Amino acid sequence: MLIKKPDDIKSSEITDKKLYLTRRNFMRAAALAGTTAATGLVYRRFAVPAPPPLKGERIENVQTADSTTNFPPPPAEARTSYEEITNYNNFYEFSTGKTEVAGAARGFVTRPWTVAVEGMVQRPRVFDLDDLLKIAPLEERVYRMRCVERWSMVIPWVGFPLAKLLAQVEPLGGAKYVAFQTLLDPKRMPNQRSGVLDWPYVEGLRLDEAMHPLTILAGGLYGETLPPQNGAPLRLVVPWKYGFKGIKSIVKITLTDAVPPTTWNITASDEYGFYANVNPRVHHPRWSQAKERRIGEFSLRDTLPFNGYGEQVAQLYAGMDLKVNY
Amino acid sequence: MFSPDIKYTRFVLFVNGLVPAALLAWDVYHGRLGANPIEFATRATGALTLIFLFVTLAVTPLRKLTGANWVVKLRRQVGLYAFFYGCLHLLTYVWFDKFFGAREIVADVWARPFITIGMASFLLLVPLAATSTNGMIKRLGGKRWAKLHKLSYVAAVGGVIHFYMGVKADTTIPILFAVALALLLGYRWVKGRMDATAKGATLGIQTPPR
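Residues numbered from 1 in each chain as written. Chains lettered and ligands numbered in written order. Predicted model: local features only at pLDDT ≥ 70, side-chain atom pairs only at ≥ 80, totals over all residues. Heavy atoms only, no water.

Enquirer: Would you mind going over the overall build of chain B with me for this structure?
Expert: If you tally the helices and strands in chain B, you get nine helices and zero strands. Reading the secondary structure of chain B in the N-to-C direction produces α-α-α-α-α-α-α-α-α. Each of the three principal axes of chain B carries a C-alpha extent, and together these read 65 × 50 × 35 Å. Put simply, 69% of the contacts in chain B that link residues at least 6 apart link residues at least 24 apart. (Helix = DSSP H or I, 4+ residues; strand = E, 2+ residues; numbered from the N terminus. Contact = heavy atoms within 4.5 Å.)

Structure follows, in structure tokens:
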């Protein structure tokens, strides 16, 4: 019996084996390359390299760190680089990502700017920023900065003692505390539209802490005006306290006789107290405060009581239980 | 039904799984991770652990919803990648945060729920990785193996809680992870209920008269 071969596929129509294999290999290579590129792009979408920093304007006539008025001598440790100081910031008004603040704060307008100093004072006054920066000679103060998140920097601030500003308004005898407030303007500080924190950001000091010569109002760093991400145009620097006490972009300072509310204390009172003095023996509930990572260094450093400024400030807290008053 | 060449697909998956690690290493090498590269690496590897774990949990819903049964053949590899990134995540803590100080680590795990939960979730992944070979599946028997691997649900829940506890105030991303996990686990629960009802109906079981 003759079996007819099916001839519905002509031999000319059958793909050549070689070509079939080439095509298959091509598809395979394309699948590999395509998915790998896609994975890489998705990863890059979330791991964005930092943008180049913006430079501030040079500040003239700054008394440098070696001048006699400077107090205390700068720490022996190396200064943290400008790039790192200006690209690693906690400034929730712009972004909760520390490396994203610089980009989000780009173009933040800080002129005109006024700071109201009011409350329990003899002479309340609204200062124009440029007048305020002329109250006292601007000094370079090289301070350690210890964040409550366990990282630290050494920053050459440019500023002047807060006491000099307070002297201008003459606090009344009953004033015991100083309250500070950041600008509230969601158009300029876009993350204020989120509910991450209670806006505006508020902070406070006891009057004797505010009057301490180490406490400064800073308008610059590394000899230049502050970039937005570091708290332009005017911020508080209290070097023996955790960084969040250093309120940024200040618009109001109020003298009062009651403990002022402070933003992080409102957010989580068991984690962030009013005093927030750097203390290696009082731990954050979620992490130890015994050590810190100095930005730019590989190994950890021991955290110092009062961030190394105990000699100057410890007497402010004589007789107080710092475990309770954290 | 479409069903790809599994061997080659596994190779593609293998390469893709290495991409984040390779890019992370590249960024470290070129100093592109910003001021605190260690913090960045810790967060990135932690998130990647959860992402790969979630992909393994997405396999069952994907199969049942699309009928693409072949995806199950890729699950083990994805799970091992979750373990791989979990190991890297743990390493950043043990090495760069504690410098292999055993006493400090124990004290930290003991005193801080944030660390306790993270560590426990990681440890749950260890038996899963250890029983991922064909030989172990045979030795355990499919049913017991499957039961054991339900631990991945617990590890995922623990991992998300750990993530949530790790942020200071902005909980947006941990909450997104929690929602994704709720969908993945919620699907199983709903499907289980529906299947049980359907089974009851075919067996003629009726609710007893009152």
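Here the narrative resumes, following the displayed structure.
Enquirer: Just checking my understanding: could you explain the packing of aromatic side chains for this structure?
Expert: Note on aromatic pairs: each is described by the distance of the centres and the angle between the planes. Counted according to the given criterion, the structure contains 27 aromatic pairs over all chains. Between Phe108(A) and Trp113(A), the aromatic rings sit 6.1 Å apart at their centres with planes inclined by 75°, giving edge-to-face as the arrangement. Put simply, the rings of Tyr177(A), Phe274(A), Tyr275(A), Phe306(A) and Tyr317(A) touch in pairs and so form one group of aromatic residues. The ring of Trp264(A) has Lys168(B) sitting right over it, with the charged end atom 4.6 Å from the ring centre. (Phe/Tyr/Trp six-rings, centres within 6.5 Å; stacked < 30°, edge-to-face > 60°. Lys NZ or Arg CZ within 6 Å of the ring centre and 35° of its normal.)

Enquirer: I'm lost on the packing of helix 4 (residues 102-111) of chain B against helix 5 (residues 113-130) of chain B in this one. Help?
Expert: Relative orientation and spacing of two packed helices are given, respectively, by the angle between their axes and the distance between those axes. Residue and element names in this part refer to chain B. Between helix 4 and helix 5, whose axes approach to 5 Å, the crossing angle comes to 105°. Between helix 4 and helix 5, the crossing angle belongs to the class labelled roughly perpendicular. For the pair helix 4 and helix 5, contact is made by Ile105, Asp108, Val109, Trp110 and Ala111 and by Pro113, Ile115, Thr116 and Met119, respectively. In terms of residue class, the contact of helix 4 with helix 5 is made up of seven nonpolar, one polar and one charged. (Axes fitted to C-alpha atoms, helices over the stretch in contact; angles between N-to-C directions. Parallel < 35°, antiparallel > 145°, perpendicular 65-115°, else oblique. Nonpolar A, V, L, I, M, F, W, Y, C, P; charged D, E, K, R; others polar.)

Enquirer: Please explain the environment of Ala25(B) as it appears in this structure.
Expert: All names here are of chain B. Residue placement: Ala25 occurs in helix 1 (residues 6-29). Overall, Ala25 belongs to the partly exposed group, its relative accessible area being 46%. Distance in space between the C-alpha atoms of Ala25 and Ala41 is 9.3 Å, their sequence separation being 16 residues. (Buried < 20%, exposed > 50% of the residue type's maximum accessible area, 1.4 Å probe, protein only.)

Enquirer: Can you walk me through the pattern of salt bridges in this structure?
Expert: Two side chains carrying opposite charge are able to pair once their charged atoms lie near each other. Residues and elements named next belong to chain A. Tallied over the entire structure, the rule returns 28 salt bridges over all chains. Here Glu140 makes a salt bridge to Arg79, at a shortest N to O gap of 3.8 Å. Of this pair, Glu140 sits in strand 3 (residues 139-146) while Arg79 sits in the loop between helix 1 (17-46) and helix 2 (82-85); the two residues are 61 residues apart in sequence, bridging distant segments of the chain. The exposure class of Arg79 is partly exposed, given its relative accessible area of 38%. (Salt bridge = Lys/Arg side-chain N within 4 Å of Asp/Glu carboxyl O.)

Enquirer: Could you clarify how one ought to interpret the interface of chain A and chain B in this entry?
Expert: One frequent convention defines the size of an interface as the accessible area lost when the parts assemble. Taken residue by residue, the interface counts 40 residues in chain A and 34 residues in chain B. Remark: the boundary between chain A and chain B carries five salt bridges. Taken together, the elements giving at least two residues each to the side of chain A that touches chain B come down to helix 1 and strand 11 (291-294) of chain A. Tallying contributions element by element places helix 1 of chain A first for the side of chain A that touches chain B, with eleven residues.

Enquirer: Is there a simple way to think about the layout of surface pockets in this case?
Expert: Regions of empty space are outlined by a rolling probe, equal in size to a water molecule, passed over the atoms. Residue and element names in this part refer to chain B. By volume, the second largest pocket amounts to about 810 Å³. Every residue lining the second largest pocket is counted, 27 residues in all, and those nearest its centre are Thr56, Arg75, Arg76, Trp145 and His149. In terms of residue count, the dominant contributor to the lining of the second largest pocket is helix 3 (residues 72-97) (nine residues). Residue composition of the lining of the second largest pocket, by class: 13 nonpolar, seven polar and seven charged. (1 Å grid on protein atoms, 1.4 Å probe; cavity = no way out; pocket = protein on both sides within 12 Å on 5 of 7 lines; lining within 4 Å. Points joined across faces, edges and corners; volume = space filled by probe spheres on them.)

Enquirer: Honestly, the environment of Pro239(A) in this entry has me stumped. Any pointers?
Expert: All names here are of chain A. On the secondary structure map, Pro239 appears in the loop between strand 9 (235-237) and strand 10 (250-256). Look at Pro239 and you get buried, because its relative accessible area is 3%. Each C-alpha atom of the pair Pro239 and Val109 lies 27 Å from the other, and the pair is 130 residues apart in sequence. Ignoring any residue separated from it by four or fewer positions in sequence, one finds Pro239 in contact with Tyr143, Arg144, Leu214, Asn307 and Tyr309.

Enquirer: Sorry if this is basic, but what is going on with the pairing of strand 10 of chain A here?
Expert: Side-chain positions along a regular strand alternate between the two faces of the sheet. All names here are of chain A. With five of seven residues buried, strand 10 lies mostly within the body of the structure. Taken together, the four bridges between strand 1 (residues 114-119) and strand 10 define a ladder with parallel strand orientation. Bridge pairing links Gly119 to Leu255 in strand 10. (Pairing = 2+ DSSP bridges.)

Enquirer: What is the right way to read the pairing of strand 2 (residues 125-128) of chain A from this model?
Expert: Residue and element names in this part refer to chain A. In terms of strand pairing, strand 1 meets strand 2 through four bridges, oriented antiparallel. When the sheet's bridge partners are listed, Thr114 is paired in strand 2 with Asp128. In sequence, strand 1 turns back onto strand 2 through a hairpin of five residues.

Enquirer: I tried to follow helix 3 of chain B on my own but got confused; where do I start?
Expert: An α-helical turn contains 3.6 residues, so any two residues separated by three or four positions project in the same direction. With 26 residues, helix 3 of chain B extends 37 Å from end C-alpha to end C-alpha; this agrees with the ideal 38 Å at 1.5 Å per step. Turning to helix 3 of chain B, its buried residues are Leu74(B), Gln77(B), Val78(B), Tyr81(B), Ala82(B), Tyr85(B), Gly86(B), Thr92(B), Tyr93(B), Val94(B), Phe96(B) and Asp97(B). The inward-facing, buried residues of helix 3 of chain B abut strand 11 of chain A together with helix 1, helix 2 (37-66), helix 4 and helix 5 of chain B. Note on helix 3 of chain B: the residue one or two positions beyond its end, Phe99(B), has a positive phi of about 45°. (Expected span 1.5 Å × (residues − 1).)

Structural measurements only, silent on function.
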